[in-house]
Structure formats: C-alpha cells, structure tokens
Amino acid sequence: MSQKYRRKPMPTLTRNILEYSLVILGSFFVALAFNVFLLPNNIASGGVSGISTITKGVFGWEPGIVQWVLNVPLFIMGVVILGKNFGAKSFVGTMVLPLFVLLTSGLESVTPNPLLAAIFGGMGVGLGLGIVFRGRASTGGIDLAAQVLHKYTHLPLGISVALLDGMIVITSAMVFSLEEGLYALIGLFATSRTIDFVQVGLNTSKNVMIISDYVDDIREAVLNEIDRGVTVLNGSGGFTDQERRIVMCVVQQNEFIKLTQTVKMIDPHAFVVAMNATEVLGEGFKSS
C-alpha cells in the first residue's frame, strides 16, 4: 500500500486513554440506568446486576456491595480456570461499575411504570455496555461465568449466556411476580438490541450477489452508474454444472433500488440476492 494512503495508527498512549475513558463512561451509564430505572421497579434483567436486584428485594443487601462480592471472584475464576488474560480494562470495568452503582444509589426513580422502566432501563444498560465493548473491555460478571460453563459443558457461548440470564429472570419471577419477570425479559431484549445499535449503528448496507449472462455489462453499469466497486466471482450451477460468473457489490440502502433497476434493464432474468451488511469497512464506507 502506498505510504500516501496508509492510515497512521493511533499512538498507544492515546488509544489506551480513549479506551479506559470509554470503559469508565460506559460503566457510569450502566449504573445510572440500573439505579433510576431497573432497581426501583424490581426488574432483574439478567447479569450480576439482576442478582443484586433480587438480593436487594429479599435481604435488603446493598446492590453495589453484592456486585463487588460477585464480580471479583468471577474475574479471578475466569483468569484461573480459563487461563486467559482478560486485561486491565476489564478489571477496571469489574471494579468501577459497582462503585458507580454505590455513588448513584441515592438518585430517585425516573418512572414508577415498570414497562417504561424495562424499556429505557434496558436501553440505558445496553448503551453503557456497548460503550464498554467499544473500549475493548467488559464489566465481568455473568459473561465470565458463561465462558466457564461453555468450557465444561461445550454448550455454545450464546446459549450459556442465555441459560444463566434465563435462570436469573426466572428467579426474579419467583421472588417478585410473574409480571415483573416478563418485564425483565423486555429489559434484557432492549439491552441486547441497544448493544447492537451502539456496535453497528444505523448505517446498514446491502451485500448484493448478481447471477447473469451479462456480467460484463452489469459490472460496467455498477462501476459507472452506481459508482460502486464490484468483485466478479467464479461459480458453477448446481443443476447444470455450468461455469457461471457472479457479480458481488456492496451498496448503501438508498442505492439499492437504483442498482436493482439498472440490473433488470440489462438482464430482466438476472438472479439477484441481497443481504444486510451491518459492518462495512473500506473505500466509500467506514474507514475503521
């Protein structure tokens, strides 16, 4: 690659400061959403924070202390059993989140409506966790326990997380009420969707595969009329076993209709497959 176009890497110190700042900021948002939305409405939407909500309701224990008591051993267990270097940033997240929960524990609830609390509390937690993940760290807790479960049971990691979070939600339904358990599920869903939004954003593109007898014409049209790059792949028909060329290109959402109309004008019988592409890096899209 030419030196002219090579992007300079961010200095290590600057990158570390930025990432630690994201971990601290994200942990603050998680704690804030927990104290002003979830905890006052007994919404235990998974994770160590969900456990601390349950113990607060049953025993009156301070959630921040409970999260510390659970997070630290889980972090140590992850290091010892999994043999991984979880990194200093994850340790910071593990320690700072309960601290922020303690510091914001005196704030008043924003709403007594459990549905609103589940939605906006889940979104707030998702926003915070998404920011922490942007800092290439985690807040420890159930994620580490899920990795241990995954190692010894060979269950997929996603299933392991869902099982542990599900157990917490079921416990909250038994401790509080079935209705509050259902609100916890809503909060859990809102959290996962918001994390996706923070990680990916709204700029969903389309990855388009075009199979046609007029590949050269379509390629020229995409390059000149749509102003997008293309890749020509070699394939073969599954039924005929004939060699076929496939045009692949990625376009923005607002370019998709123009692309399909252009293809159909060249070849009305072209076979077009479009898939969502949520993270596109490269020329004409995101640079990093």
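- Looking up the protein in an unreviewed UniProt entry gives the name YitT family protein, with the organism given as Thalassobacillus hwangdonensis.
- According to its UniProt record, the protein has this under Subcellular location (unreviewed entry): "Cell membrane".

### A word on the overall build of the protein
At step 1: What the protein contains, in helices and strands, is 10 helices and four strands.
At step 2: Overall, the protein shows an N-to-C arrangement of helices and strands of α-α-α-α-α-α-α-α-β-α-β-β-α-β.
At step 3: Put simply, the protein has 288 residues, and 41% of those count as buried.
At step 4: If you take every contact in the protein between residues at least 6 apart in sequence, the share linking residues at least 24 apart comes to 73%.
At step 5: When the accessible surface of the protein is split by element, carbon and sulfur atoms take 63% of a total near 16,200 Å².

### Points about the packing of helix α1 (residues 12-38) against helix α5 (residues 114-134)
At step 1: Relative orientation of the contacting elements α1 and α5 amounts to 170 degrees, with a least axis distance of 7 Å. As far as their axial angle goes, α5 and α1 are roughly antiparallel.
At step 2: Residues of the contact of α1 with α5, tallied by class, amount to 16 nonpolar, six polar and one charged.

### Some thoughts on the layout of surface pockets
At step 1: Roughly 600 Å³ of volume is contained in the largest pocket.
At step 2: If you trace the largest pocket, you find 28 residues lining it, with G47, L129, D143, D165 and T191 closest to the centre.
At step 3: For the lining of the largest pocket, the secondary-structure elements that each account for two or more residues are α1, α2 (47-59), α3 (63-82), α5, α6 (142-153), α7 (157-175) and α8 (178-200).
At step 4: Along the lines of polarity and charge, the residues of the lining of the largest pocket split into 13 nonpolar, 12 polar and three charged.

### Quick notes on the sheet that holds strand β2 (residues 231-236)
At step 1: One open sheet accounts for four strands, arranged β2-β3-β1-β4; its pairing is antiparallel. Each edge of the open sheet carries a strand with a single partner, namely β2 and β4 (271-277). Across the sheet, the mean angle from the axis of one strand to that of its neighbour is 25 degrees, orientation sign disregarded.
At step 2: Strand direction decides the pairing type here: strand β1 (residues 205-211) and strand β3 (residues 243-252), joined by seven bridges, are antiparallel. For I210, the partnering residue across the bridge sits in β3 and is V247.
At step 3: In the packing of helix α10 (residues 253-266) onto the sheet, the strands contacted are β1, β3 and β4, and the crossing angle to β3 comes to about 150 degrees.

### Examining the environment of V66
At step 1: Mapped onto the elements of the fold, V66 is located in helix α3.
At step 2: We classify V66 as buried; its relative accessible area is 11%.
At step 3: As a C-alpha pair, V66 and T53 span 13 residues in sequence and 9.3 Å in three-dimensional space.
At step 4: With residues near it in sequence (within four places) discarded, V66 still touches S52, T55 and W61.

About the cut-offs
Residues numbered from 1 in each chain as written. Predicted model: local features only at pLDDT ≥ 70, side-chain atom pairs only at ≥ 80, totals over all residues. Heavy atoms only, no water. UniProt positions renumbered as here; feature names shortened; annotations may be inferred. Helix = DSSP H or I, 4+ residues; strand = E, 2+ residues; numbered from the N terminus. Buried < 20%, exposed > 50% of the residue type's maximum accessible area, 1.4 Å probe, protein only. Contact = heavy atoms within 4.5 Å. Areas by Shrake-Rupley, 256 points an atom, 1.4 Å probe, with all protein chains shown as cover. Axes fitted to C-alpha atoms, helices over the stretch in contact; angles between N-to-C directions. Parallel < 35°, antiparallel > 145°, perpendicular 65-115°, else oblique. Nonpolar A, V, L, I, M, F, W, Y, C, P; charged D, E, K, R; others polar. 1 Å grid on protein atoms, 1.4 Å probe; cavity = no way out; pocket = protein on both sides within 12 Å on 5 of 7 lines; lining within 4 Å. Points joined across faces, edges and corners; volume = space filled by probe spheres on them. Pairing = 2+ DSSP bridges.

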